[in-house]
Amino acid sequence: MDIKNALKIFKHTLIILWNSSKSSFILLFIFSMLSGLPAIFNAYLGKQLIDTIVNIIQNRNMVITPLITIGVMYLAVYLIENLIVSITQYVNEIYSSYINKYISIELLEALNSMEMEDVENTKIHNELEKANNESTIRSMNILNQLIQLLKNSTTLLGMITMLLSFNILIVIILIFSTIPLIMLNYKNMNKLYEVYNKRFEKVRFATYIRSLSVETENFKEIKIFNNLRYLKSIILNILNKNIREDKRIKRVLIVKSFIIESIDIIISFVIKGYIIIKGILHYNSVGKITMNIKIVTNIKDSLGNILSIASSMYEDCLYLQGLNNIKQIKNKREQQNKGKIYLGEKDTISRIELINVSFKYPGSNEYVLKDINICFKKGVTYSLVGLNGSGKTTLVKLILGLYAPQEGKILINGIEINEYDKISLFKKMSVVFQDYVKYPLTIRENIGLGDISKVNDINSIVESAKLTGAHKFIHKLPNEYEETLRKGWKDNIDLSEGQWQKIAISRATLRKCEILVLDEPTSSLDPESEYEIFNTIKSFRGNGINILITHRFTNISLADIIIVLEDGLVKEKGTHKELLEENGVYSKLYNIQQEMLLNPQKLVSDQSI
Ligand code: ADP
């Protein structure tokens, strides 16, 4: 990354810092500047103290007043410095919390405006992880460095002003001798960031495997199969490779830094020698000579500090690029969503048409859906049937507007789906995916999140839970709807998979939607419960579009229309009766299942239907 880009990100970081808390920013700015002043006063007071002592010794005249005055001034400077440090620390700590809050909001909002293809894109996902892992800590680093930068700049300016009266050339040499270090640091930072970027995905993978191993729900399987050793070897492979690479890279960097820093030490050594000799030749006081040496040391220290601060800031800016990139995607998506058709509460969806739709996942060359032509109508319950991998879930993802087809059109009420405002469209839809979310929250919230406006509306939540039969087990729990779910958190309980599925379906039915999609959400339920749920949903949602995916054919006759998919193609379409008469794929799959039910010993390997 070039300096221009780093400056741009630095500007964005300043905006983050400013927006997080304006008052903290201003306070911190003022106190950081003030914290640089004590060093200047101390240099001057040091000179006065030494000269006074030398004077007393030379004249053998013990005058106490000047000593007391200097002592009091010293003490005052130290006390004020301490006060400034304490206030700065307080403001800084409070400010950190504001920054953390601000970045969390920024990240979640950016995520909210993203599309599936953004989140599934590896590059963007890496950026998202980087932003998630690094943004807060890096912004806080920049904040702390900013404080140090201001402090050191104040000291540096004061010291340079004092030294200018002694010798301009020394000031120029001191400043210019820092340039090689600046260049070296700049190169080092870029190199380290390049390495970080190169290995980010691998490190992310290792971290993921590690967190997967500590997840409570994975523990049992990993334990039984004794897989930890294998997982450990995957992690160690990555970490060891990085350690070897680190050693190689850091050795080179350290040698270069050592050489340049040694040259720098020699230069300041020579300058100090020059100051002593010149001071002696001009009969300067001991205090003045000591002060000038101290000023050179201070200037060198401040320059060194400013340099390392600037390098760290540059480094932090590099890492903050993730957040910046994410925000750019958010802006792009917001722009795209402007001027789209907004579906109000009174607007209803009467039909969804897929016309010659073909689709492949971003980054893949394989078409998962091919030339699909279907029309889903209001008031009809559809069932999607087909072997695993035939494209059922992908089809519903397209209907829900999560992906756009590469070929063909999807029309909602005759208008292309991408002409609609996504948020208003999503409000009309509800879904239970196979991998639905199990929130570590209360049952009330787990259901209530289907419609956030009802998260505290216990009557609606209970009504929804009754619909799916979830109420029967919930009301037996000690805290009923206030029971917090998921193991691994304090005082939490966990549910069986079937109970979780009922909670997830209750969540989906809480939302008064127009399109309801259930993607095999009943796989862990017995056929009777599944029948009960499907039947209730069908009768209470007579007005909407219902799409059910189930691999059990026992309850499939509940669907008005059955669509059979095979290898991404629509093979058959019609009522249960029609399809049986057609004697095609559906009738074959149906007969196999019936046979399996009547004659379980003949459990055919084809359970996946
Ligand atoms: P079904 O629901 O019928 O089991 P899916 O729609 O889930 O089938 O999958 C259809 C095909 O698409 C499969 O070959 C699967 O590997 C592929 N697929 C599913 N999800 C993704 C994805 N996010 N990225 C790439 N390929 C995918």
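Cut-off values and rules
- Residues numbered from 1 in each chain as written.
- Predicted model: local features only at pLDDT ≥ 70, side-chain atom pairs only at ≥ 80, totals over all residues.
- Heavy atoms only, no water.
- Helix = DSSP H or I, 4+ residues; strand = E, 2+ residues; numbered from the N terminus.
- Rg over C-alpha atoms; globule rule 2.2 N^0.38 Å.
- Buried < 20%, exposed > 50% of the residue type's maximum accessible area, 1.4 Å probe, protein only.
- Areas by Shrake-Rupley, 256 points an atom, 1.4 Å probe, with all protein chains shown as cover.
- Lys, Arg positive; Asp, Glu negative; His and termini not counted.
- Charge placed at Lys NZ, Arg CZ, Asp CG, Glu CD.
- Axes fitted to C-alpha atoms, helices over the stretch in contact; angles between N-to-C directions.
- Parallel < 35°, antiparallel > 145°, perpendicular 65-115°, else oblique.
- Contact = heavy atoms within 4.5 Å.
- Nonpolar A, V, L, I, M, F, W, Y, C, P; charged D, E, K, R; others polar.
- Phe/Tyr/Trp six-rings, centres within 6.5 Å; stacked < 30°, edge-to-face > 60°.
- Pairing = 2+ DSSP bridges.
- UniProt positions renumbered as here; feature names shortened; annotations may be inferred.
- Near = heavy atom within 4 Å.
- Polar contact = N/O pair within 3.5 Å; in protein donor to acceptor, adjacent residues only side chain to side chain.
- Core = buried A, V, L, I, M, F, W, Y, C linked by side-chain atoms within 4.5 Å.
- Salt bridge = Lys/Arg side-chain N within 4 Å of Asp/Glu carboxyl O.
- Domains from an automatic or database assignment.
- Buried area = accessible area lost by both parts, 1.4 Å probe.
- pLDDT = per-residue confidence, 0-100.
- Patch = residues over 30% accessible without salt bridge, like charges linked within 9 Å, V, L, I, M, F, W, Y side chains within 5 Å.

### Thoughts on the overall build of the chain
The number of helices and strands found in the chain is 20 helices and 10 strands. Here the chain has a C-alpha radius of gyration of 35 Å; the compact-globule value for 609 residues is 25 Å, and the former is much larger. When its C-alpha atoms are laid out on the principal axes, the chain stretches across 120 × 55 × 50 Å. Taking all 609 residues of the chain together, 44% fall into the buried category. If you sum the accessible surface of the chain, you get close to 32900 Å²; carbon and sulfur atoms cover 59% of it. Considering the chain, the positive charge centre built from 73 side chains and the negative charge centre built from 62 side chains are found 8 Å apart.

### Focus on the packing of helix α7 (residues 168-176) against helix α10 (residues 228-281)
One can describe the packing of α7 onto α10 by two numbers: an axis separation of 11 Å at closest approach and a directional angle of 170 degrees. Considering their axes alone, α7 and α10 lie roughly antiparallel with respect to each other. Packed against α7, whose contacting residues are I170, I173 and L174, the element α10 presents I267, I271, Y274 and I275 at the interface. Residue composition of the contact of α7 with α10, by class: 7 nonpolar, no polar and no charged.

### Describing the packing of aromatic side chains
Within the structure shown, the criterion is met by 7 aromatic pairs. On the basis of an interplanar angle of 55 degrees and a centroid distance of 5.4 Å, the ring pair of F359 and Y403 is categorised as tilted. One end of the pair, F359, is in strand β1 (residues 351-359); the other, Y403, is in the loop between α12 (392-399) and β4 (407-412), and 44 residues separate them in sequence. Taken together, the aromatic side chains of F359, Y361 and Y403 make up a single cluster linked through ring pairs.

### Considering the sheet that holds strand β5 (residues 415-416)
Pairing is antiparallel across the open sheet formed by 4 strands, whose spatial order is β2-β1-β4-β5. Two strands in the sheet have a free side with no partner beyond their single neighbour: β2 (369-377) and β5. Judged from the 2 bridges that link them, β4 and β5 form a sheet pairing that is antiparallel. What sits directly across from L411, in β5, is E416.

### Digging into the UniProt feature "transmembrane region" (unreviewed entry) in the chain
In the numbering used here, UniProt assigns the "transmembrane region" (unreviewed entry) feature to residues 25-46, 67-91, 156-184 and 253-277. End C-alpha atoms of residues 25-46 are separated by 33 Å, and the span's content is 91% helix alongside 0% strand. Across residues 253-277, the secondary structure splits into 100% helix and 0% strand, with the terminal C-alpha atoms separated by 37 Å.

### Some remarks on the site of the ligand
Every residue close to the ligand is listed here: E120, Y361, V368, L387, N388, G389, S390, G391, K392, T393 and T394. Contact distances for the ligand include 3.0 Å between an oxygen atom and a backbone N or O atom of G391. Between T393 and the ligand, the recorded distance is 2.7 Å, taken from a side-chain N or O atom to an oxygen atom. For the ligand, whose unbound accessible area comes to 560 Å², protein coverage reaches 61%.

### Re the nonpolar core
Judged by nonpolar contacts, the single largest core of 33 residues is most densely connected at I352, L354, F376 and L395. Looking at this core, the elements with two or more residues in it are β1, β2, β3 (381-385), α12, β4, β7 (515-519), β8 (545-549) and β9 (561-566). With residues up to four places along the chain from it excluded, the contact list for L395 reads L354, L369, I372, I374, L384 and L565. V432, I443, A470 and I503 belong to the second-largest nonpolar core, a separate cluster that totals 29 residues.

### Some remarks on the packing of helix α3 (residues 37-59) against helix α6 (residues 122-164)
Their axes nearest at 7 Å, the elements α3 and α6 cross at an angle of 30 degrees. Between α3 and α6, the angle is such that the two are roughly parallel. Along the contact surface, α3 presents L37, A39, I40, A43 and Y44, while α6 presents T154, T155, G158, M159 and M162. Classifying every residue of the contact of α3 with α6 gives 7 nonpolar, 3 polar and no charged.

### Description of helix α15 (residues 458-468)
Of all the positions in α15, only S460, I461, V462, S464, A465 and T468 are classed as buried. Structurally, α15 contributes buried residues whose contacts are with α14 (443-448), α16 (470-474), α17 (497-510) and α18 (527-540). Within two residues after α15, G469 carries a phi angle of roughly 85 degrees, on the positive side.

### A word on the pattern of salt bridges
Per the counting criterion, the structure on display carries 16 salt bridges. Two residues, K438 and E497, come together in a salt bridge whose shortest N-O distance is 3.0 Å. Taken as a pair, K438 in the loop between β6 (429-432) and α14 and E497 in helix α17 lie far apart in primary sequence, 59 residues in all. Judged by its relative accessible area of 19%, K438 falls in the buried class. A relative accessible area of 38% places E497 in the partly exposed class.

### Details of the domain arrangement of the chain
On domain assignment, one finds that the chain holds domain 1 (3-327), domain 2 (348-428 + 514-609) and domain 3 (434-512). Each side of the interface is counted separately: domain 2 has 19 residues, and domain 3 has 13 residues. Between domain 2 and domain 3, a total of about 1300 Å² is buried, with carbon and sulfur atoms accounting for 60% of that surface. At the surface where domain 2 touches domain 3, the tally comes to 0 salt bridges. Where domain 2 packs against domain 3, one counts 2 residue pairs in polar contact (both at pLDDT 80 or more).

### What about the confidence of the model for the chain?
The predicted model of the chain averages 83 in pLDDT, with 95% of residues at 70 or higher. Least confident of the elements in the chain is helix α9 (residues 216-224), whose mean pLDDT is 73; most confident is β1, at 92. Low pLDDT, under 50, characterises residues 603-609; the stretch is placed with 13 contacts to residues that sit more than four places away or in other chains.

### Section: a positive patch on the surface
Among the surface-exposed residues, K191, K247, R248 and R251 lie close enough to one another that they form a single positively charged patch. By residue number, the principal contributor to the positive patch is α10, which donates 3 residues. Along the polypeptide, R251 turns up in helix α10.

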